[in-house]
Amino acid sequence: MAKLDITTLTRAADELLERVENPHRRRILENYRRHALLQVTGRWEQIFVPEMTVEHPVCYLNINRASATLDGPDEVAAFYRTLADSGTNVMVLQDEQLAVADWGLATEATFNTYARGHVIPDGDPEGYYLVRQRIAMHWPYDGRGRLLGGHVYEHADLTEMRRITEPDFITVADARARLDPLIRPLPG
């Protein structure tokens, strides 16, 4: 399998930004875009600045055959910290369908997450893996275009894990090298 192009991470948001003129909806899309880039480059703490996320976000997760409610900044931040600490924050989205409205956004995509074998059930601890998941999300935003939380749903029957070679594996350092130039400030 060839290495996926991580710079396509924000393709759907970028394409929608070319067509959306409403300033509030543009702010939501820019926030979503920046959120993705910060998460994948391991800068998840910057997602929780007051310009991007409300003081008390709530997330509802149904992923990896488990359901959880993350209530408040400590629980939501702990989730992002766990992704970064486990090395499972690097992902490439494919076939993303994205819609934006005044209330927030909805998206569905195939998430390709890079993970080492020590975090994969029954994985070879020295191995390199690509976990493919079909995930639908809707994220509500407030009137200032700040994230209120999220609803994340995985279609678990479509999840697959592939062992890949080390040259096809994307590390956080690889992600930063390719994505840092794409990070931009939020509009005022």
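Residues numbered from 1 in each chain as written. Predicted model: local features only at pLDDT ≥ 70, side-chain atom pairs only at ≥ 80, totals over all residues. Heavy atoms only, no water.

Novice: Just checking my understanding: could you explain the pairing of strand E5 (residues 128–140) for this structure?
Specialist: A regular strand places its side chains on the two faces of the sheet in alternate fashion. Most of E5 sits out of view: 10 of its 13 residues are buried. As judged from the 13 bridges shared by strand E4 (residues 104–116) and E5, these two strands associate in the antiparallel manner. Note on E5: the bridge partner recorded for Thr-113 is Val-131. One ladder, built from 5 bridges, connects E5 with strand E7 (residues 160–164); its direction is antiparallel. The partner of Val-131 across the bridge, within E7, is Met-161. Pairing between E5 and strand E6 (residues 147–154): 4 bridges, direction antiparallel. (Buried < 20%, exposed > 50% of the residue type's maximum accessible area, 1.4 Å probe, protein only. Helix = DSSP H or I, 4+ residues; strand = E, 2+ residues; numbered from the N terminus. Pairing = 2+ DSSP bridges.)

Novice: Help me understand the nonpolar core, please; the structure alone is not making it clear to me.
Specialist: Generally speaking, nonpolar side chains in soluble globular proteins are found buried as a group. Counting 49 residues, the largest nonpolar core has Ile-6, Tyr-32, Val-40, Leu-98, Tyr-114 and Trp-139 as the members making the most contacts within it. When near neighbours in sequence (up to four residues on either side) are disregarded, Trp-139 contacts Tyr-32, His-35, Trp-103, Gly-104, Leu-105, Leu-147, Gly-149, Gly-150, His-151 and Val-152. (Core = buried A, V, L, I, M, F, W, Y, C linked by side-chain atoms within 4.5 Å. Contact = heavy atoms within 4.5 Å.)

Novice: Can you help me understand helix H2 (residues 23–40) in this one?
Specialist: Every α-helix winds through 3.6 residues per turn, so residues three or four apart in the chain are directed the same way. With 18 residues, H2 should cover 26 Å at 1.5 Å per step; its first-to-last C-alpha distance of 26 Å lies within 8% of that length. The buried fraction of H2 amounts to 15 of the 18 residues, a majority that puts the element mostly inside the structure. At the N-terminal end of H2, a side-chain oxygen is found 2.9 Å from the backbone nitrogen of His-24, two or three residues along, and the residue is Asn-22. (Expected span 1.5 Å × (residues − 1). Polar contact = N/O pair within 3.5 Å; in protein donor to acceptor, adjacent residues only side chain to side chain.)

Novice: What's the story with the environment of Leu-4 in this structure? I'm lost.
Specialist: With respect to the helices and strands, the residue Leu-4 is situated in the segment before helix H1 (11–17). A residue is classified by how much of its surface remains accessible, and Leu-4, at 14% relative accessible area, is buried. Residues Leu-4 and Val-92, 88 residues apart in the sequence, show an inter-C-alpha distance of 7.1 Å. Residues in contact with Leu-4, not counting those within four places in the same chain, are Val-92, Gln-94, Asn-112, Tyr-114, Leu-130 and Ile-170.

Novice: Got a minute to help me understand the pattern of salt bridges in this structure?
Specialist: Pairs can form between side chains of opposite charge whenever their charged atoms are close. For the structure on display, the rule yields 12 salt bridges. The partner of Asp-157 in a salt bridge is Arg-65, with the nearest N and O atoms 3.6 Å apart. In this pair, Asp-157 sits in the loop between E6 and E7 while Arg-65 sits in the loop between strand E1 (53–63) and strand E2 (66–71), placing the two residues 92 residues apart along the sequence. Neither Asp-157 nor Arg-65 differs from the other in exposure class; each is exposed. Between Arg-134 and Glu-108 there is a salt bridge, with the nearest N and O atoms lying 3.2 Å from each other. Linking Arg-134 in strand E5 with Glu-108 in strand E4, this pair joins segments that are 26 residues apart in sequence. Residues joined by salt bridges that share partners form a network here, namely Glu-55, Asp-142 and Arg-146. (Salt bridge = Lys/Arg side-chain N within 4 Å of Asp/Glu carboxyl O.)

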